Amino acid sequence: MVVDAVSAMPPAAVWRPGTGRPDPARADRRTLGQTVRLAMERQHMERFRAETGSVLSYDSTSLERGLLPAPTLRGDGFTAVSRYEPGRSHPLLSGDFYDVVQTEDSRVHVILGDVSGHGPAEAALAVQLRVAWRTAALCGTTQLAQLEVLERILTAERSDDDTYATVVSLVFPPEATSATVVNAGHPGMLHRRSGQVRWVEPPRTGIALGLFPGLGDWSVTEMELAPHDSVVLFTDGLFEGRTERSARLGEEGLLRLATRHAHLGSQKFVDALVAGATSMAPPYGGLVDDVALLHLGWNQNPSLS
């Protein structure tokens, strides 16, 4: 609302015509008018702020559903625990995304990705990639073909030619003896077995989506699993926080942290990783980047869930 410059001035005496003397009655009326206008303006601004806050809250909730959906599983034989933590540099969700869906053949399909940059454009692009992936997975598209689709969408929809996305895709067959992995520039993963944790890097890691469109060198590798094994996926924000002025937690530091908590169940293990990485970073700016994690596995031991 535009406020009239004259009416916004502090109340002043109003002169009685022909007398050269102030008229208290007219001055009171002027003051009352200003008071009423200011009260109405304050009420308008408060209503505007409330409505704006409601819209932003709705948009944030909608974005969260788009980026971080609940896993869609057909039974209780597979456990998927998720966690998202926004970075300190921005309070809202950004370009990290994930999804878990089980198809009619009982296979569990998983994706976790990270769009470069922070902001609404990156978040919107991440939502598009996640929805496109779920559609492709439900339609029976192969893992390699899924990445080709995602890259075409990324290059068509990105607002900056330098925007790219790292992605890791897994498929867990119902036999629970292996998982197929496709990695496009994403960090490694943690493999949990019988109270032990090890860092796993796929033998062949391709380039990130969008770096060299159409030249993706992705390949499918197989990861052997035993009953009750678990796989933990995460974005690099988990281990890129500074723990010293010139050093980051890093992959080795994250593995040491995971090893200390190897006895915990899935949810407590995930929470401990986030809490541990967060607790070491505050003196040097905290976890600046977003963090997304997935803890995945068939028929986990109830005592470790």
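Just above, that's the structure.
As a convention, each chain's residues are numbered from 1 in the sequence order in which they are written. For a predicted model such as this one, the threshold for reporting local features is a pLDDT of at least 70, and the threshold for listing and counting side-chain atom pairs is 80 or more; totals across whole chains, interfaces and linings nevertheless cover every residue. Side-chain metrics in this entry use all non-hydrogen atoms of the structure; hydrogen atoms and water are not considered.

1. Regarding the overall build of the chain
Runs of H or I in DSSP of at least four residues are treated as helices and runs of E of at least two as strands, each being numbered from the N terminus. Of regular secondary structure, the chain possesses five helices and 14 strands. Summary of the burial criterion: residues with accessible area below 20% of their type's maximum are buried, those above 50% are exposed, and those between are partly exposed, where the area comes from a 1.4 Å probe applied to protein chains only. Counting across all 305 residues of the chain, residues that qualify as buried make up 44%. Working rule for contacts: check all heavy atoms of both residues, and any pair within 4.5 Å makes them a contact. Restricting the contact set of the chain to residue pairs at least 6 apart, pairs at least 24 apart contribute 69%. In the structure as shown, the chain presents an accessible area of about 16,000 Å², 54% of it carried by carbon and sulfur atoms. Per-residue and other accessible areas follow the Shrake-Rupley method at a 1.4 Å probe size, with only the shown protein chains counted as cover for residues.

2. Details of the environment of L264
Tracing the chain through its elements places L264 in the loop between helix 4 (250-260) and helix 5 (266-280). A residue is classified by how much of its surface remains accessible, and L264, at 18% relative accessible area, is buried. For the pair L264 and G195, spaced 69 residues apart in sequence, the C-alpha separation works out to 8.4 Å.

3. A look at the sheet that holds strand 7 (residues 178-184)
A pair of strands counts as paired when DSSP detects no fewer than two bridges linking them. Strand order in the open sheet made by the five strands is 4-5-6-7-10, with antiparallel pairing throughout. Whereas interior strands pair on both sides, the edge strands pair on one side only; in this sheet they are strand 4 (96-102) and strand 10 (220-224). Averaged over all pairs of adjacent strands, the angle between strand axes in this sheet comes to 20°, irrespective of strand direction. Where strand 5 (residues 108-115) lies against strand 6 (residues 165-172), eight bridges are found, and the strand directions are antiparallel. Bridging from a neighbouring strand, I111 pairs with S169 of strand 6. Here an angle of 0 to 180 degrees is reported between the N-to-C directions of two axes, which are lines fitted to C-alpha atoms, with helices fitted over the stretch in contact.

4. Some points on the packing of helix 4 against helix 5
Interaxial distance between helix 4 and helix 5 falls to 10 Å at its minimum, and their mutual angle equals 130°. By the angle between their axes, helix 4 is oblique relative to helix 5. In this structure, helix 4 crosses over helix 5, and the sense of that crossing is right-handed. Contacts between helix 4 and helix 5 involve L254, L257 and A258 from the first element and F269, A272, L273, G276, A277 and M280 from the second. Broken down by class, the residue content of the contact of helix 4 with helix 5 amounts to eight nonpolar, one polar and no charged. When an angle is under 35 degrees it counts as roughly parallel; over 145 it counts as roughly antiparallel; between 65 and 115 it counts as roughly perpendicular; any other value is oblique. By definition, turning the near helix anticlockwise from the far helix through less than a right angle yields a left-handed crossing, and turning it clockwise yields a right-handed one. For this classification, the nonpolar set comprises Ala, Val, Leu, Ile, Met, Phe, Trp, Tyr, Cys and Pro, the charged set comprises Asp, Glu, Lys and Arg, and every other residue, Gly included, is treated as polar.

5. A closer look at the pattern of salt bridges
For this document, the term salt bridge refers to a Lys or Arg side-chain nitrogen within 4 Å of an Asp or Glu carboxyl oxygen. Within this structure, the stated rule accounts for six salt bridges. In this structure, the salt-bridge partner of R130 is D99, at a minimum N-O distance of 2.7 Å. Of this pair, R130 sits in helix 2 (residues 120-138) while D99 is found in strand 4, placing the two residues 31 residues apart along the sequence. As far as the burial class goes, R130 and D99 line up, both buried. Across the salt bridge formed by D105 and R107, the nearest N and O atoms sit 3.6 Å from each other. Given a relative accessible area of 43%, D105 falls into the partly exposed group. Taking the relative accessible area as the measure of exposure, R107 reaches 34% and is therefore partly exposed. Via salt bridges that share partners, R83, E85 and D271 belong to a single interconnected network.

6. Thoughts on unusual backbone geometry
Unlike most non-glycine residues, S106 shows phi in positive territory, near 75°. Residue position: S106 is located in the loop between strand 4 and strand 5. According to the relative accessible area criterion, S106 is partly exposed, its value standing at 30%. Positive phi values are uncommon outside glycine, yet A176 reaches one of about 65°. Looking at the element boundaries, A176 is found in the loop between strand 6 and strand 7.

7. What about the environment of L129?
Positionally, L129 belongs in helix 2. Among the residues examined, L129 registers a relative accessible area of 0% and is labelled buried. With 16 residues separating them along the chain, L129 and G113 place their C-alpha atoms 9.0 Å apart. Discounting chain neighbours no more than four positions away, the residues touching L129 are F97, V115, L150, I153, L154 and A165.

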